[in-house]
Amino acid sequence: MEDQILALTAEVAAIKGAAEVTNRMFAEAYYYVTIPLMVLIHAGFLLYEMGATRLQNVLSSGVKNLLAFAFTIAAWYLFGWWFYWALPTWPLDFSAGAGYMEISGLEYANAIAWAWGDSAQYMGPNMGDNASGVFWGAFALFAATTASIASGALIERIQTVGFVICAVVLGTAAWGIAAAWGWHADGWLVTEFGYHDFGAAGLVHAVAGFFALGVLLNLGPRVGKFNADGSANHLAGHNMPLTVTGLMLIIVGFFGFLMACIILPGEGWSWYGDRATTIYGTPMTLSALAFNVPLAAAGGIIGAWVMTRDPFWMMSGCLAGIISVASGLDVYFGSTVIAVSMLAGIILKPCADWLEGLGIDDAVGCVTVHGTIGLFGVVMLGILGSGVPGLGAFAPEDTVAISLFGQIVGAIVMFLLGFVPGYVVSWIVNKAGMLRIPDAVQERGLDAVKVPAQAYPQGMTSPESES
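Presented here is an overview of the structure given in this document. As the structure is a prediction and not an experimental result, all values here were calculated from the model.

Calculation rules
- Residues numbered from 1 in each chain as written.
- Predicted model: local features only at pLDDT ≥ 70, side-chain atom pairs only at ≥ 80, totals over all residues.
- Heavy atoms only, no water.
- Helix = DSSP H or I, 4+ residues; strand = E, 2+ residues; numbered from the N terminus.
- Buried < 20%, exposed > 50% of the residue type's maximum accessible area, 1.4 Å probe, protein only.
- Phe/Tyr/Trp six-rings, centres within 6.5 Å; stacked < 30°, edge-to-face > 60°.
- Lys NZ or Arg CZ within 6 Å of the ring centre and 35° of its normal.
- Polar contact = N/O pair within 3.5 Å; in protein donor to acceptor, adjacent residues only side chain to side chain.
- Axes fitted to C-alpha atoms, helices over the stretch in contact; angles between N-to-C directions.
- Parallel < 35°, antiparallel > 145°, perpendicular 65-115°, else oblique.
- Contact = heavy atoms within 4.5 Å.
- Nonpolar A, V, L, I, M, F, W, Y, C, P; charged D, E, K, R; others polar.

### Looking at unusual backbone geometry
Note the cis peptide between Trp-90 and Pro-91, where omega equals 10°. Looking at the element boundaries, Pro-91 is found in the loop between α2 (58–86) and α3 (106–112). Positioned with a positive phi, Ala-96 is a non-glycine residue whose angle comes to about 55°. Tracing the backbone through its elements, the reader meets Ala-96 in the loop between α2 and α3. Given the relative accessible area of 4%, Ala-96 is considered buried.

### So, the packing of aromatic side chains
One pass over the full model with this rule turns up 33 aromatic pairs. Their ring planes at 15° and their centres at 5.0 Å tell us that Trp-114 and Trp-116 sit as a pair that is stacked. On the basis of an interplanar angle of 85° and a centroid distance of 5.2 Å, the ring pair of Phe-312 and Trp-313 is categorised as edge-to-face. Taking the relative accessible area as the measure of exposure, Trp-313 reaches 10% and is therefore buried. Over the face of the ring belonging to Tyr-272 we find Arg-275, whose NZ or CZ atom lies 3.8 Å from the ring centre.

### Focus on the side chain of Arg-157
Looking at the secondary structure, you find Arg-157 in the loop between α4 (132–151) and α5 (160–182). You can call Arg-157 buried: its relative accessible area is 0%. At 3.0 Å, the side chain of Arg-157 and the backbone oxygen of Ala-153 are in polar contact. In this structure the side chain of Arg-157 is engaged in a polar contact, spanning 3.0 Å, whose partner is the backbone oxygen of Ile-155.

### Quick word on the environment of Pro-221
Among the structural elements, Pro-221 can be located in the loop between α7 (201–219) and α8 (240–259). Take Pro-221: its relative accessible area is 29%, and that puts it in the partly exposed class.

### A word on the packing of α8 against helix α10 (residues 311–326)
Between two packed helices, what matters for the description is the angle formed by their axes and the separation of those axes. Where α8 contacts α10, the two axes come as close as 9 Å, and the packing angle between them is 10°. Classed by the angle they form, the pair α8 and α10 counts as roughly parallel. Across the interface between the two elements, Met-240, Thr-243, Val-244, Leu-247, Met-248, Ile-250, Ile-251, Phe-254 and Leu-258 from α8 touch Pro-311, Phe-312, Met-315, Ser-316, Cys-318, Leu-319, Ile-322 and Ile-323 from α10. Of the residues contributing to the contact of α8 with α10, the split by class is 15 nonpolar, two polar and no charged.

See below:
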């Protein structure tokens, strides 16, 4: 009998060990798959912006996007990952000590988030760790996406080097700090105010949108955008089908972006052993995304169609619809999603027109789609989701619930984290003469002068034949 018990015990242990390995490998594969899906966002941005660019500037917009992707990922490896783990409690704890969960603070970040020294074992091929690399990869794509969002607003008149500097600051520092404060279980916006932003409407979109606004104030409009009386001209892109296709690819990538926001059960980084959660430890499933993301996309398109009948704004409405409910995708039911996303689609074009009326040339509506709608979504969750626990794995009395006040505080912080560095960094870059393309070059075309190459050489006059 004892031999049988020992044999059964060994067999159970072997089955348990095999199950743990299988679960660990599934979790690793799950997050790994989110990375190429998020790369589709960048393919979408590439098509979207090149299509929205006039014929003579197409490749310049593409080069800018590719460099933002490359430099932001490199900078995230060197510095951004450290921001996320080091600063959740700062500046409330000016020494940046560890938070309640003890997975934050300077000491913790120094141990796991530098690409050199002893912490390099967590930033490279570590066969005993199936989590760090895929988590880092997903976050690196979040950072690159944040940087690329601002790109479209600035097309056709920003210098490449100046843009890359702005993109690195946005994707590495501005977003890294925003995520530390509002997308980390120890983040002070979460623990003190119950800030909740499952799909990063504020953390990614609002930060990027208002960073772009700060840059636009220093960059100025494209040549020919505004007349002497202040009225605006429509500077149409060269290929609307390309732009609409790019926007649809962004939506495809969004599914990867949002599935990467779910924490799988039963791993070292998990909140629970038996259920998936948000990054805050509150309940969440892929099923919720399967209901809510298509509904949000549909609602945004319908709302924008009602207001504009314009395919560009309809697809922008699709994106805005998802952004408008991203904060509460783990809270909302479908009827709420449809209502909120339709409202986002309806207000989209009027908000963009208002901004243009102020003399600001946002070439693709980035500030409105990402900034305004991002903050709209954050605040709407405060109205519709007030009272829902802000953190999981705690008794209700030990955590701050979602509230309108907390979401408004978070919205203000996200605005400032985007706008202030966007304005300050672009002001410095402008003073260094590296921000704006000269007007004469804009009139000639950036591709011929700056790349130098042409997207459609058979349809354009070469610089040599002009000279």
